[in-house]
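So you can see what is in the structure, the chains are spelled out below.
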Amino acid sequence: MKAIVCVKQVPDTSGKVAYKPDGTLDRASMDVVTNPDDLNALEAALELKDATGCEVVVISMGPAPAEGMLRELLARGADRAILVSGREFGGSDTFATSQILAAAINRVGIGLEDVVFCGRQAIDGDTAQVGPQIAEKLHLPQVSYAAAIKKEGNKLTVKRMLEDGFMMLSVETPCLITCIKELNQPRYMNIKGIFECFNKQIEIFDYDALKDDPLIETDTIGLKGSPTNVFKAFTPPQKGAGAMLNGDDAAVKLASILAEKHLI
Ligand SMILES: Cc1cc2nc3c(=O)[nH]c(=O)nc-3n(C[C@H](O)[C@H](O)[C@H](O)COP(=O)(O)OP(=O)(O)OC[C@H]3O[C@@H](n4cnc5c(N)ncnc54)[C@H](O)[C@@H]3O)c2cc1C
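Since the structure is predicted, the reported quantities are computational estimates derived from the model, not experimental observations.

**Section: helix H4 (residues 130-137)**
Logical step 1: Every buried residue of H4 is accounted for by Gly131, Ile134, Ala135 and Lys137. Seen from one end, H4 has its buried residues packed into an arc of 165°, which puts them on one side.
Logical step 2: For H4, the elements touching its buried residues are strand S1 (2-6), helix H3 (94-108), strand S6 (115-119), strand S7 (142-152) and strand S10 (175-179).
Logical step 3: At the C-terminal side of H4, His139 shows a positive phi close to 55°.

Structure representation (structure tokens):
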């Protein structure tokens, strides 16, 4: 049995945000972090490993520096790490990204008891499309927004978080679950894991490794295979500082400002 976790390295959006002239993110000039929801997805997989002894496989699609993140995930407890990387995959939108990740998961192989975990959403692209698209392409049942998961045999009971409440769903394995931060508290790396992760191999799945999968065609991956294009990207202008109105006549001052703007 395997738990396969898709993890994305994302720009640290709490720092400087930089763009290339074509409107895509200039990732090389920004600090990077592991996408927060994906750490909850990894924790869910590690809890499954604690309970069942299953193998935890982490997969990330991105440039070579994502290897460092994968080593950290091994130090947290993952057993196997795969970096999906190749020039042919560059410029992929969510359609093409999920196409490539689904092919990578196919290559790992999905058994009857396996579970694929994704984060709900990546903090840079913010679409929450990749997890559900992978499920569609692999013909797997999916449950999104998982806030609690219980496994009994080949069934998972998943508490799914909605805006105004919860939904309890039962799903059979193999399946795909997208995870939110309410699901768990991600564990830290441990000393043994940190030492051991440097001896583990990061497997590379490049274009040649995936090209025989029917999902991989030149017109379904990379910039050419992406049906969406970034038209423009920009940081919205900062709003001006607010004004504080103090004193007994604050209400009068506020009324006069609103009247001046013809709002009252
Ligand atoms: C025309 C165009 C060009 C683009 N060019 C580039 C580019 O050159 N380089 C680039 O990096 N981005 C590029 N992007 C952005 C890229 O499409 C998205 O970053 C990517 O498809 C993931 O979408 P998202 O961030 O909305 O993920 P979401 O759908 O919000 O992610 C949900 C979950 O899916 C999984 N996931 C998503 N992406 C990955 C991944 N890469 N590896 C493993 N798991 C993943 C994670 O578990 C994540 O939590 C481009 C987008 C467009 C439209």
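**Observations concerning the side chain of Asp37**
Logical step 1: Relative to the elements of secondary structure, Asp37 occurs in helix H1 (residues 36-52).
Logical step 2: Residue classification places Asp37 among the buried residues on the basis of a relative accessible area of 7%.
Logical step 3: Here the side chain of Asp37 touches Arg120 through a polar contact of 3.5 Å, side chain to side chain.
Logical step 4: Those residues in contact with Asp37, other than ones at most four positions away along the chain, are Gly119, Arg120, Gln121, Cys179, Ile180 and Lys181.

**Brief notes about the sheet that holds S1**
Logical step 1: Spatial ordering of the open sheet is given by S9-S8-S7-S10-S6-S1-S4-S5-S11, a layout of nine strands whose pairing is mixed. The outermost strands of the open sheet, each flanked by one partner alone, are strand S9 (165-172) and strand S11 (202-205). Sheet twist, expressed as the average angle between the axes of neighbouring strands with direction ignored, equals 30°.
Logical step 2: Looking at chain direction, S1 and strand S4 (residues 55-61) are connected through five bridges and run parallel.

**Notes on unusual backbone geometry**
Logical step 1: Here the residue pair Thr173 and Pro174 is connected by a cis peptide bond, since its omega of -5° sits within 30 degrees of zero.
Logical step 2: Of note in the backbone geometry, His139 takes a positive phi value of approximately 55° without being a glycine.
Logical step 3: Positive phi, normally seen in glycine, also occurs at His262, with a value near 60°.
Logical step 4: Considering the arrangement of structural elements, one finds His262 in the segment after helix H7 (250-260).
Logical step 5: Exposure remark for His262: the relative accessible area of 71% places this residue in the exposed category.

**Some details on the state of the cysteines**
Logical step 1: Inspection of every chain in the model, using the stated rule, returns zero disulfides.
Logical step 2: Free cysteine: Cys6, not disulfide-bonded; nearest cysteine sulfur from Cys118 at 4.0 Å.
Logical step 3: Looking at Cys6, the relative accessible area reads 8%, which means it is buried.
Logical step 4: Between Cys54, a free cysteine, and Cys175, which holds the nearest cysteine sulfur, the sulfur-to-sulfur gap is 12 Å.

**Concerning helix H2 (residues 66-76)**
Logical step 1: Within H2, eight of the 11 residues are buried, leaving the element largely enclosed by the surrounding structure.
Logical step 2: Buried within H2 we find Ala66, Met69, Leu70, Arg71, Leu73, Leu74, Ala75 and Arg76.
Logical step 3: At the exit of H2 stands Gly77, carrying a positive phi of roughly 135°.

Scoring rules and cut-offs
Residues numbered from 1 in each chain as written. Predicted model: local features only at pLDDT ≥ 70, side-chain atom pairs only at ≥ 80, totals over all residues. Heavy atoms only, no water. Buried < 20%, exposed > 50% of the residue type's maximum accessible area, 1.4 Å probe, protein only. Helix = DSSP H or I, 4+ residues; strand = E, 2+ residues; numbered from the N terminus. Arc of directions from axis to C-beta. Contact = heavy atoms within 4.5 Å. Polar contact = N/O pair within 3.5 Å; in protein donor to acceptor, adjacent residues only side chain to side chain. Pairing = 2+ DSSP bridges. Axes fitted to C-alpha atoms, helices over the stretch in contact; angles between N-to-C directions. Disulfide = S-S within 2.5 Å.

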